[in-house]
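Chains, contacts and geometry: an overview
Take a look at the letters that make up each chain.
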Amino acid sequence: MSVDSVDRRVSHRPGEASSPAAELVGDVWHLRTTEAVRQVLREKDATTQAGFSAELMPDNLGERPILFMDGDEHRRQRTKVARFFAPKTVTNRYRRLMEERADALVADALAATTFRLDDLSLQYSTEVAAQVIGLTNSNAEGMARRLERLFAQPDWSPGSAPEGRLRSVWRSVRSHAPMAAFHLADVRPAIAARRKAPGEDVISHLLAEGYREPAILIECVTYGAAGMATTREFISMTVLHLLADADLRARYLAGEEEERFDILHEILRLEPIIGHLYRRAARDLDLTVDGETVAIRRGQLIDLYVRQANSDASTVGECPLDMRPGRPLPRGIGPEVMSFGDGHHKCPGNSLAIQETDILLTRLLRHELVVAKAPVMHWEDLTAGYALREFVLTTPKPPLPVLAVSDERRGPG
């Protein structure tokens, strides 16, 4: 085996091609290099959102959710919302919450000796994201399950064949009940509370901007998917890697925060939670891909392959599928490469996701853990990503007592 063939990646999607760099299939462009993906995402006002069911969104919704906005309107709203996810805000406002919930959830899991990590990570990521969004007026455990049912919808992607009438009706019926449950049990109480007493959260911001209830509901689903569902999968995938590699786990636990974050970013580079991003060309767009001109015409769908962009050797260097935290990258390319997207639609919650994952893992992985049941990997067309389920861990020994640390020693935030 040559050094270039080292492959540490777990998430290989069946039937997903890794080449050519660019190809037109029907009326869909498939782009698989870092530079091509980056060009599309950074090209100002050249494309519109086509992923996450954006093109199925009804026109009578009112205010469009920020994920589905483009152009100047998107840039204005993105600037206003970014303050909730700024690294300093995450540390000052949410770090103590993350520490307290991680301590409690890990203690409960270890006391049970055998537990499902995907359940623990769902509960943890839901409670953290709920604080940022403002979904704090309902039972967090119940909300986690309602969101799980909501996200477990029939598969559909922008590149899929057109649906027949019966399948379209079935999709609508199946999605209505969990959406209604989330709306009535979680979103509506949060809106009512913030009309009386606004807070520093996304729902309060949307109310101040004049958003009506249907649009706020869609925003909550969007932020719920980003802050709860994807972080849940990342936590499970990271634990899977660190338990399989004793040296990497030891390095992670012994490292300072910067080194730990390097390891987390490298795992995310290898195992992006969202595998594809979809854009629709709003105008003719000429790209340079591997020295050749790719002429994308207005109206064509563009399928951006994140997994392939993240393992592009011309960007990430030799052994692109090996685990090499801190690998040198070109200027302007983050350590996770395209896992959080790029350009004006880049995920604003990147620092939150990394910090909350690190806080949970540093507590969980210092205990002896054994994989009792390896997770089952599912692939979902809506997000073009993976889901890890039934990931069962057990601890062969009772946990050691952990001494409480005073607030004075912990410092602010």
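Everything below is about the structure printed above this text.
Bear in mind the structure is a predicted one, so any value in this text is a computation, not a measurement.

Here the structure, examined in full by the defined rule, presents 30 salt bridges. For Arg-145, the salt bridge identified is with Glu-148, shortest N-O distance 2.7 Å. One end of the pair is Arg-145 and the other is Glu-148, both in helix H5 (residues 140–151) and three residues apart, which spans about a single turn. Among the residues examined, Arg-145 registers a relative accessible area of 29% and is labelled partly exposed.

What the five strands build is an open sheet, ordered E1-E2-E8-E5-E3; its pairing is mixed. Of all the strands in the sheet, just strand E1 (22–25) and strand E3 (47–49) have a single pairing partner and so form its edges. The mean inter-strand angle of the sheet, taken between neighbouring strand axes irrespective of direction, is 30°. Inspection of the sheet shows E3 paired to strand E5 (residues 276–281) by three bridges, in the antiparallel sense. Among the inter-strand pairings, Thr-48 is bridged to a residue of E5, identified as Arg-280.

The subject of this paragraph is the sheet that holds strand E9 (residues 370–373). In space, the three strands of this open sheet follow the order E4-E12-E9, with antiparallel pairing throughout. At either end of the open sheet lies a strand with only one pairing partner, and these are strand E4 (114–116) and E9. For this sheet, the mean inter-axis angle between neighbouring strands, taken without regard to orientation, is 35°. Taken together, the three bridges between E9 and strand E12 (residues 392–394) define a ladder with antiparallel strand orientation. Opposite Val-370, over in E12, you have Thr-394 as the bridge partner. Lying over the sheet, helix H4 (residues 117–133) contacts E4 and E12, oriented at roughly 60° with respect to E4.

Mapped onto the elements, Leu-393 comes out in strand E12. Filtering out sequence-adjacent residues up to four positions away, Leu-393 remains in contact with Thr-113, Thr-114, Phe-115, Leu-117, Val-239, Leu-243, Leu-369, Val-370, Val-371 and Ala-372.

With that settled, the discussion passes to the environment of Val-187. Tracing the backbone shows Val-187 in helix H6 (residues 165–196). Residues Val-187 and Cys-220 lie 33 residues apart in sequence; the distance between their C-alpha atoms is 7.4 Å. Apart from residues lying up to four places away in sequence, Val-187 is in contact with Leu-135, Phe-182, Ile-216, Leu-217 and Cys-220.

Before going further, it helps to spend a moment on the packing of aromatic side chains. According to the stated counting rule, one finds two aromatic pairs in the structure shown. For the pair Phe-85 and Tyr-223, a centre-to-centre distance of 5.9 Å together with 10° between the ring planes defines the contact as stacked. Residue Phe-85 is located in the loop between helix H2 (71–81) and helix H3 (87–112), and its partner Tyr-223 is located in helix H8 (residues 213–244); the two are separated by 138 residues in the primary sequence. As far as burial versus exposure is concerned, Phe-85 and Tyr-223 are alike and both buried. Ring centres of Trp-379 and Tyr-386 lie 6.1 Å apart, and the angle between their planes is 80°; this geometry places the pair in the edge-to-face category.

Before going further, it helps to examine the packing of H3 against H4. Relative orientation of the contacting elements H3 and H4 amounts to 160°, with a least axis distance of 10 Å. In terms of orientation, H3 lies roughly antiparallel with respect to H4. H4 is crossed by H3, and the crossing has right-handed handedness. Every residue of H4 that contacts H3 at Tyr-94, Leu-97, Met-98, Arg-101, Ala-102, Leu-105 and Ala-109 is listed here: Leu-120, Gln-123, Tyr-124, Glu-127, Val-128, Gln-131 and Val-132. For the contact of H3 with H4, the class distribution of residues is 10 nonpolar, two polar and two charged.

What counts, and where the lines are drawn
Residues numbered from 1 in each chain as written. Predicted model: local features only at pLDDT ≥ 70, side-chain atom pairs only at ≥ 80, totals over all residues. Heavy atoms only, no water. Salt bridge = Lys/Arg side-chain N within 4 Å of Asp/Glu carboxyl O. Helix = DSSP H or I, 4+ residues; strand = E, 2+ residues; numbered from the N terminus. Buried < 20%, exposed > 50% of the residue type's maximum accessible area, 1.4 Å probe, protein only. Pairing = 2+ DSSP bridges. Axes fitted to C-alpha atoms, helices over the stretch in contact; angles between N-to-C directions. Contact = heavy atoms within 4.5 Å. Phe/Tyr/Trp six-rings, centres within 6.5 Å; stacked < 30°, edge-to-face > 60°. Parallel < 35°, antiparallel > 145°, perpendicular 65-115°, else oblique. Left-handed = near helix turned anticlockwise from the far one by under 90°. Nonpolar A, V, L, I, M, F, W, Y, C, P; charged D, E, K, R; others polar.

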